[in-house]
Amino acid sequence: MFYLTKIKESLLKKKYGKYIMIGGFTFFLLKGLIWLGIFTVVGLGLFNSF
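So, here's what we can say about the structure. (Residues numbered from 1 in each chain as written. Predicted model: local features only at pLDDT ≥ 70, side-chain atom pairs only at ≥ 80, totals over all residues. Heavy atoms only, no water.)

On to the overall build of the chain. Regarding its fold elements, the chain presents two helices and zero strands. Compactness check: the chain gives a C-alpha radius of gyration of 18 Å against a globular reference of 10 Å for 50 residues, more than 25% above the reference. If one aligns the C-alpha atoms of the chain with their principal axes, the spans along those axes are about 55 × 25 × 5 Å. Total accessible area on the chain stands at roughly 4,900 Å², and carbon and sulfur atoms take up 77% of it. (Helix = DSSP H or I, 4+ residues; strand = E, 2+ residues; numbered from the N terminus. Rg over C-alpha atoms; globule rule 2.2 N^0.38 Å. Areas by Shrake-Rupley, 256 points an atom, 1.4 Å probe, with all protein chains shown as cover.)

Okay, here's the thing in structure tokens:
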């Protein structure tokens, strides 16, 4: 756990490290929202078919 916090601190100190951290967070946030939308559409499609 200590190793991960050390990496995080070193990334936040560098200019490009901040972009990598923000970009990674944004990527996984959008990926999660897309999957949530897919599951919602499929789920509503199954409910409407009965």
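Don't stop here, the text continues.
Counting across every chain of the model gives three aromatic pairs. Judged by centre distance (6.4 Å) and plane angle (55°), the ring pair of Tyr16 and Tyr19 falls under tilted. One end of the pair, Tyr16, and the other, Tyr19, are both in helix H2 (residues 15–48), three residues apart, so they sit about a helical turn from each other. Taken as a pair, Tyr16 and Tyr19 share a single burial class, namely exposed. (Phe/Tyr/Trp six-rings, centres within 6.5 Å; stacked < 30°, edge-to-face > 60°. Buried < 20%, exposed > 50% of the residue type's maximum accessible area, 1.4 Å probe, protein only.)

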